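Each chain, written out:
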Amino acid sequence: MKLENKRFLVTGAGSGLGRALVGRLARVDGAKIVAVTSYIDVSKPESVDKMIDFAIERMGGLDCVIACAGFGYYESFGEGGGGFGHIKQIFETNVLSPLYTLERFLLKTEGDVAFVAVSSMLGKLGIAGMSLYSATKHALAGFGSAYKFEKPERLHYMTAYPISLKTNFWSKLPPDIPIPKPMQTADAAAKSILQGLCKRKCEVYTLPLSKMFAVLPLPYQLISALKFRIWL
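Please read these numbers as outputs of a predicted model, since none were measured by experiment.

**Student:** I'd love a proper account of the packing of aromatic side chains, names of residues and values included.
**Tutor:** One pass over the structure, following the stated rule, counts ten aromatic pairs. Residues Phe71 and Tyr73 carry aromatic rings whose centres are separated by 5.4 Å and whose planes lie at 80° to one another, so their mutual orientation is edge-to-face. Assessed through its relative accessible area of 22%, Phe71 is described here as partly exposed. Ring centres 4.9 Å apart and planes at 80° place the aromatic pair Tyr74 and Trp231 in the edge-to-face group. Here Tyr74, found in the loop between strand 3 (64–67) and helix 3 (83–108), pairs with Trp231, found in helix 7 (residues 218–231); they are 157 residues apart in sequence, far enough to count as distant.

Structural data, given as structure tokens:
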């Protein structure tokens, strides 16, 4: 899809990748953008309904949604006793929210549209310390791999797999965690996602080299597990 003169809704736009996407879209000729920050709780269905309605009303329609909102934990699962609410919270934001947003988006629009679900390289492989986060991103990856065979013809659906980004995502986790490498800037990842959108790709790896980790994950996982044990 061409980006010019299109109407975009971007969640998770207050920082990191979402903010970088909004910054790049703001430089596209004729593009209109509704940027959703953490002031809107996208894990609540009523908030999603209002968000979609607002975007359509404000821009006179909606051509593309980029679901970028999400968060993670770095922990040894189960030992902290986070409970059901701990698990439920991350799945509501990282999985249920983008899927429900997609559903409402399709019901509220007509004609050719696009939807981008931002997963993660941890949706292709899991690493120690981020089992719950990996589970949510695997869920998005699994949905995308199946949904491409059942989606309506008018919809371009794309799953994005950014690698570890140089954003404040990591600042919200324990300060001494071993941050996964290699890293990429949010702007570079945003550029790759928008290029994939233009080329109507089903999947985008924002750092081409990172696809290698999905094909041969074990060495990377073992190194990450060792770093996690040392951190514990």
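That shown, we press on.
**Student:** Provide a residue-level description of the sheet that holds strand 2 (residues 32–36), including the pertinent values.
**Tutor:** In space, the six strands of this open sheet follow the order 2-1-3-4-5-6, with parallel pairing throughout. Strands with a single pairing partner mark the edges of an open sheet, and in this sheet they are strand 2 and strand 6 (203–205). Taken over all neighbouring pairs, the strand axes of this sheet differ in orientation by 15° on average, direction set aside. Relative to strand 5 (residues 155–161), strand 4 (residues 113–118) runs parallel, the two sharing six bridges. Bridged to Val113 within strand 5 is Leu155. Docked against the sheet, helix 1 (residues 16–25) engages strand 1 (7–11), strand 2, strand 3 and strand 4, running at close to 160° with respect to strand 1.

**Student:** If you had to explain the nonpolar core to someone new, which residues and values would you point to?
**Tutor:** Core analysis: the largest hydrophobic core is formed by 27 residues, its most contacted members being Leu17, Leu21, Ile66, Val116 and Leu197. For this core, the secondary structure elements donating two or more residues are strand 1, helix 1, strand 3, strand 4, strand 5 and helix 5 (186–198). Counting residues per element, this core draws most heavily on helix 5, which supplies six residues. Core analysis: the second largest hydrophobic core is formed by 22 residues, Val36, Met51, Ile52 and Leu62 among them.

**Student:** So what about unusual backbone geometry? Which residues, and what values?
**Tutor:** What you tend to see is this: most non-glycine residues have negative phi, and most peptide bonds are trans. Non-glycine residue Asn5 carries a positive phi angle of around 60°. When you line up the elements, Asn5 lands in the segment before strand 1. Here Asn5 falls in the exposed class, since its relative accessible area comes to 58%. Positioned with a positive phi, Arg200 is a non-glycine residue whose angle comes to about 60°. The topology assignment puts Arg200 in the loop between helix 5 and strand 6.

**Student:** Mind laying out the side chain of Ser164, listing which residues take part and the relevant values?
**Tutor:** By the element assignment, Ser164 lies in the loop between strand 5 and helix 5. Ignoring sequence-local partners within four residues, the contact set of Ser164 consists of Trp170, Ile179, Pro180, Pro182, Met183 and Gln184.

**Student:** Can you break down the pairing of strand 4 residue by residue, with the values?
**Tutor:** Counted residue by residue, strand 4 has six buried out of six residues, so it is predominantly covered. Residues Val113, Phe115 and Ala117 point to one face of strand 4 and Ala114, Val116 and Val118 to the other, with burial holding for every one of them. Relative to strand 4, strand 3 is paired through four bridges, and the arrangement is parallel. In the sheet register, Cys64 faces strand 4, and the bridge partner there is Ala114. Once the chain exits strand 4 it traverses helix 4 (residues 131–147) before rejoining the sheet at strand 5, and the crossover so formed is right-handed.

Scoring rules and cut-offs
- Residues numbered from 1 in each chain as written.
- Predicted model: local features only at pLDDT ≥ 70, side-chain atom pairs only at ≥ 80, totals over all residues.
- Heavy atoms only, no water.
- Phe/Tyr/Trp six-rings, centres within 6.5 Å; stacked < 30°, edge-to-face > 60°.
- Buried < 20%, exposed > 50% of the residue type's maximum accessible area, 1.4 Å probe, protein only.
- Helix = DSSP H or I, 4+ residues; strand = E, 2+ residues; numbered from the N terminus.
- Pairing = 2+ DSSP bridges.
- Axes fitted to C-alpha atoms, helices over the stretch in contact; angles between N-to-C directions.
- Contact = heavy atoms within 4.5 Å.
- Core = buried A, V, L, I, M, F, W, Y, C linked by side-chain atoms within 4.5 Å.
- Right-handed = clockwise from strand over helix to strand, strands pointing away.

Interpretation in functional terms is not warranted from these geometric data alone.
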